[in-house]
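Survey of secondary and tertiary structure
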Amino acid sequence: MPCTSPVIVALDFPIVADALNLAKQLDPTKCRVKVGKELFTVCGPMIIDELQKLGFDVFLDLKFHDIPNTTAMAVKVAASMGVWMVDIHCVGGMAMMQACRNVLDQTKSQTLLIGVTVLTSLGIDDLKQLSITKSPEQQVLSLAQLAAEAGLDGLVSSAQEAKSLKLNFPHLKLVTPGIRPEGSSKDDQQRIVTPAQAIADGSDYLVIGRPITKSENPEQALESILASLA
């Protein structure tokens, strides 16, 4: 049974057994899972295979950013593993994004190619330190325009930019980290919203980690989030 849930559970663990134990407590028809740098660095491609055996669609969140050919080849390998979604940094530029789009088209891959705009941990002061004078929203929209022209399938951004992104780029899927249910800790995220607000504002997929993975009952935490979206 295919997953139609908007929730992507972030398996940010340093130990493969812990990641798989958490995944086994969840229903792959009710969520997808995200494998990021920490977990992938520990165990490599085998974690993708193990999660797929459990029935999960996998978002490989490595945020590739390099010269066009190197990035495109990395995306090609990720797609060959059957991942549902892979992401690249939009700041890699038009040529890099187009190279990734082309390699997926050439192999007729169904893997979604998503562009990372501005990390949710960055605020306006952080951008100024990077000599970026635009506001986070302005920078997101600028990078989104490049991603759309390059033919990407969607964007990673804060839900705070979701309304303007959906208005300007209605065909792009929006993947939103920094989601925190009511009463949850902000942790190291700055630009955050609740699951219901994110969906209302135009987000298509919600990346949620610690509110589920650090819960005493992850399955119940997931169900509670899904109920808030009903």
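What comes next is a walk through the structure. Quantities reported herein were computed from a predicted structural model and do not represent experimental measurements.

This brings us to the packing of aromatic side chains. Per the stated rule, a full pass over the model turns up one aromatic pair. Considering the side-chain rings of Trp84 and Tyr205, the 5.0 Å spacing of their centres and the 85° angle between planes classify their relative orientation as edge-to-face. Remark: Tyr205 occurs in strand β8 (residues 205-208) and Trp84 occurs in the loop between α4 (68-80) and β4 (85-89); sequence separation between them is 121 residues. Neither Trp84 nor Tyr205 differs from the other in exposure class; each is buried. The positively charged end of Arg32 is found above the aromatic ring belonging to Trp84, 4.3 Å away from the centroid.

For the rest of this paragraph, the subject is the pairing of strand β5 (residues 112-116). Most of β5 is tucked away, with five of its five residues classed as buried. Residues of β5 alternate between two faces, with Leu112, Ile114 and Val116 on one and Leu113 and Gly115 on the opposite face, all of them buried. Relative to β5, β4 runs parallel, the two being bridged by five bridges. Counterpart to Met85 in the pairing with β5 is Leu112. After leaving β4, the chain enters helix α5 (residues 94-106) and then returns to the sheet as β5, a path that is right-handed. Of the pairings in the sheet, the one linking β5 to strand β6 (residues 154-156) comprises three bridges and is parallel in character. Across the sheet, Val116 pairs through a bridge with Val156, a residue of β6.

What follows is about the pattern of salt bridges. Tallying each qualifying case throughout the model produces eleven salt bridges. Here Lys63 and Asp61 are joined by a salt bridge, their closest N and O atoms 2.9 Å apart. Taking relative accessible area as the criterion, Asp61 reaches 7% and is therefore assigned buried. The salt bridge partner of Lys166 is Asp204, with a shortest N-O separation of 3.0 Å. Here Asp204 lies in the loop between α9 (195-200) and β8 and Lys166 lies in helix α8 (residues 162-168), a separation of 38 residues in the sequence. Here Lys166 falls in the partly exposed class, since its relative accessible area comes to 22%. One continuous salt-bridge network, built from bridges that share partners, spans Asp12, Lys34, Asp61 and Lys63.

Here is what the cut-offs are and how they apply
Residues numbered from 1 in each chain as written. Predicted model: local features only at pLDDT ≥ 70, side-chain atom pairs only at ≥ 80, totals over all residues. Heavy atoms only, no water. Phe/Tyr/Trp six-rings, centres within 6.5 Å; stacked < 30°, edge-to-face > 60°. Helix = DSSP H or I, 4+ residues; strand = E, 2+ residues; numbered from the N terminus. Buried < 20%, exposed > 50% of the residue type's maximum accessible area, 1.4 Å probe, protein only. Lys NZ or Arg CZ within 6 Å of the ring centre and 35° of its normal. Pairing = 2+ DSSP bridges. Right-handed = clockwise from strand over helix to strand, strands pointing away. Salt bridge = Lys/Arg side-chain N within 4 Å of Asp/Glu carboxyl O.

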